[in-house]
Amino acid sequence: MSDKTVQTLGIEIDDLSLSLVGWQIDEVEARLVTKSYGKKDHYQEIAVSGTVRFLPEDWTDRFSGSDYAPPLLMALSRREDSPAAPRYERVVLESVKKVSKRPQRISLKSTSWECKKPLAPEDIALRLTAFDLEEIDSGLNLPPTNVTALPIDVLDETTHESVRLRLNTSSAHILRDAYDKVLRVHLEGSAEFGTARELLADHLAAEDWRDEDATLEDECPFEVALPGLVVEVLDEAGFLLQKSEVSFYGHIAVTDGAKLPGRQPRWIADVGDDLDEYAGQPARVVVRLVDAEDL
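To start, this report covers the structure provided alongside it.

Cut-off values and rules
Residues numbered from 1 in each chain as written. Predicted model: local features only at pLDDT ≥ 70, side-chain atom pairs only at ≥ 80, totals over all residues. Heavy atoms only, no water. Helix = DSSP H or I, 4+ residues; strand = E, 2+ residues; numbered from the N terminus. Buried < 20%, exposed > 50% of the residue type's maximum accessible area, 1.4 Å probe, protein only. Areas by Shrake-Rupley, 256 points an atom, 1.4 Å probe, with all protein chains shown as cover. Lys, Arg positive; Asp, Glu negative; His and termini not counted. Charge placed at Lys NZ, Arg CZ, Asp CG, Glu CD. Pairing = 2+ DSSP bridges. Axes fitted to C-alpha atoms, helices over the stretch in contact; angles between N-to-C directions. Contact = heavy atoms within 4.5 Å. Salt bridge = Lys/Arg side-chain N within 4 Å of Asp/Glu carboxyl O. Phe/Tyr/Trp six-rings, centres within 6.5 Å; stacked < 30°, edge-to-face > 60°. Patch = residues over 30% accessible without salt bridge, like charges linked within 9 Å, V, L, I, M, F, W, Y side chains within 5 Å.

As for the overall build of the protein chain
Moving on, step 1. Each helix and strand counted, the protein chain has four helices and 20 strands in total.
Moving on, step 2. Taking the principal axes of the C-alpha coordinates as reference, the protein chain spans close to 75 × 55 × 25 Å.
Moving on, step 3. Here the protein chain holds 295 residues, and the buried ones make up 48% of them.
Moving on, step 4. Surface accessibility of the protein chain: about 15300 Å² in total, with carbon and sulfur atoms responsible for 44%.
Moving on, step 5. One way to put it: in the protein chain the 33 positive side-chain charges average out to a point 10 Å from where the 56 negative ones average out.

As structure tokens, this is what we get:
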């Protein structure tokens, strides 16, 4: 038999980021569930319940041609003890048509973790947010405390001038718990874009058959693809242990009248691998920013 306690856990609601992509939170709550089998034998998990709605009329700046709404994301991290980036879980991943019909009821649980001393609600950070574009290894797991940071280099190898990826956050960590050792690379940023004429120049140069003398009036509407990422994991000798490509399948649209989006798109990338899959010990990570056509 176990002793079970249930405590209320606060959730940070990223209202601005959510509203930019059409999400509205009606109500949401979280609980920290602890099952104790002795003084030093505890298992904990997080449960979330709520009601959210998607308002397509509020999603005015769109950077993807997908029929899906930008995923609603839950981020889980420790407030202290671990420098590792939060883990993200897709709470809602549905088509615009489906989520626009009615409010969505949400219910999810984190992966359970084992501990000798239970965490208190104030030890845990839970945040509900969204991005314009995402490519994540989804999983609501609490980051461990046994963490080793790896150096990470970022190289911009893009050739187009009109659209650039900017990194606001970058980290690479080896995460160890009682059962697994994984490498996780976490990146967040935005995409900066130039004038309509600068975007036109890259649009025309992308294909040989296009008329290089075409005007904005001739070409509108059109779009320019966002760059992507190549994440390389290397050992001390420079041996390439793993290479992952991240394509956001996003674009900057220039609509009729040479109208541009009203803001920069925000993006997130989160990739990870089990260390047992590598032919060596990871020592550093290189992130290359590349043109979309190079992925």
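After that view, the rundown keeps rolling.
Considerations on the sheet that holds strand β19 (residues 266-274)
Moving on, step 1. Spatially, β10-β19-β14-β13-β11 is the arrangement adopted by the five strands of the open sheet, whose pairing is mixed. Strand pairing shows two members of the sheet lacking a second neighbour, β10 (133-136) and β11 (146-149), which therefore form its edges. Going from strand to strand, the sheet's axes swing by 20° on average, the running direction of each strand aside.
Moving on, step 2. Bridge count for strand β14 (residues 181-193) against β19 is nine bridges, and the pairing is antiparallel. Paired with glycine 189 across the strands is tryptophan 267, a residue of β19.

Observations concerning the side chain of serine 244
Moving on, step 1. Relative to the helices and strands, serine 244 resides in strand β17 (residues 240-246).
Moving on, step 2. Those residues in contact with serine 244 that lie beyond four places of it in its chain are Leu229, Val230, Val231 and Asp273.

Things to note about the environment of proline 151
Moving on, step 1. With respect to the secondary-structure elements, proline 151 resides in the loop between β11 and β12 (152-156).
Moving on, step 2. Along the chain, proline 151 and threonine 51 lie 100 residues apart, while their C-alpha atoms are 41 Å from each other.
Moving on, step 3. Non-local contacts of proline 151, meaning those with residues more than four positions away in its chain, are made with Ala283, Arg284 and Val285.

Observations concerning the sheet that holds β17
Moving on, step 1. Pairing in this open sheet of four strands is mixed, and the strands run β12-β20-β16-β17 from one edge to the other. Strand pairing shows two members of the sheet lacking a second neighbour, β12 and β17, which therefore form its edges. Averaged over neighbouring strand pairs, the angle between their axes works out to 15° when direction is ignored.
Moving on, step 2. Of the pairings in the sheet, the one linking β12 to strand β20 (residues 284-290) comprises five bridges and is parallel in character.

Brief notes about the pattern of salt bridges
Moving on, step 1. Scanning the model with the defined rule gives 17 salt bridges in all.
Moving on, step 2. With its nearest N and O atoms 3.0 Å apart, the salt bridge here joins arginine 105 to glutamate 27. Taken as a pair, arginine 105 in strand β7 (residues 104-109) and glutamate 27 in strand β3 (residues 23-38) lie far apart in primary sequence, 78 residues in all.
Moving on, step 3. Taking relative accessible area as the criterion, glutamate 27 reaches 35% and is therefore assigned partly exposed.
Moving on, step 4. A salt bridge links glutamate 29 to arginine 31, with the shortest nitrogen-to-oxygen separation between them at 3.7 Å.
Moving on, step 5. For arginine 31, a relative accessible area of 44% gives the class partly exposed.
Moving on, step 6. Look at the salt bridges and you will find they share partners, linking Asp61, Asp132 and Arg263 into a network.

Considerations on the packing of aromatic side chains
Two descriptors summarise a pair of aromatic rings, namely the distance from one centre to the other and the angle between the planes of the rings.
Moving on, step 1. Counted according to the given criterion, the structure contains four aromatic pairs.
Moving on, step 2. For the pair phenylalanine 54 and tryptophan 59, a centre-to-centre distance of 5.8 Å together with 70° between the ring planes defines the contact as edge-to-face.
Moving on, step 3. On the basis of relative accessible area, tryptophan 59 is assigned to the buried category, the value being 6%.
Moving on, step 4. Consider the rings of phenylalanine 248 and tryptophan 267, whose centres lie 5.1 Å apart with planes at 45°: the pair is tilted.

Details of a negative patch on the surface
Moving on, step 1. On the surface, Asp211, Glu212, Asp213, Glu217 and Asp218 cluster together to form a negatively charged patch.
Moving on, step 2. Mapping aspartate 211 onto the fold places it in the loop between α3 (196-205) and α4 (216-219).
Moving on, step 3. Looking at aspartate 211, the relative accessible area reads 47%, which means it is partly exposed.

Observations concerning α3
Moving on, step 1. Turning to α3, its buried residues number three or more, namely Ala196, Leu199, Leu200, Asp202, His203 and Leu204.
Moving on, step 2. On its buried face, α3 is in contact with β13 (163-176), α4, β15 (222-225) and β18 (251-254).

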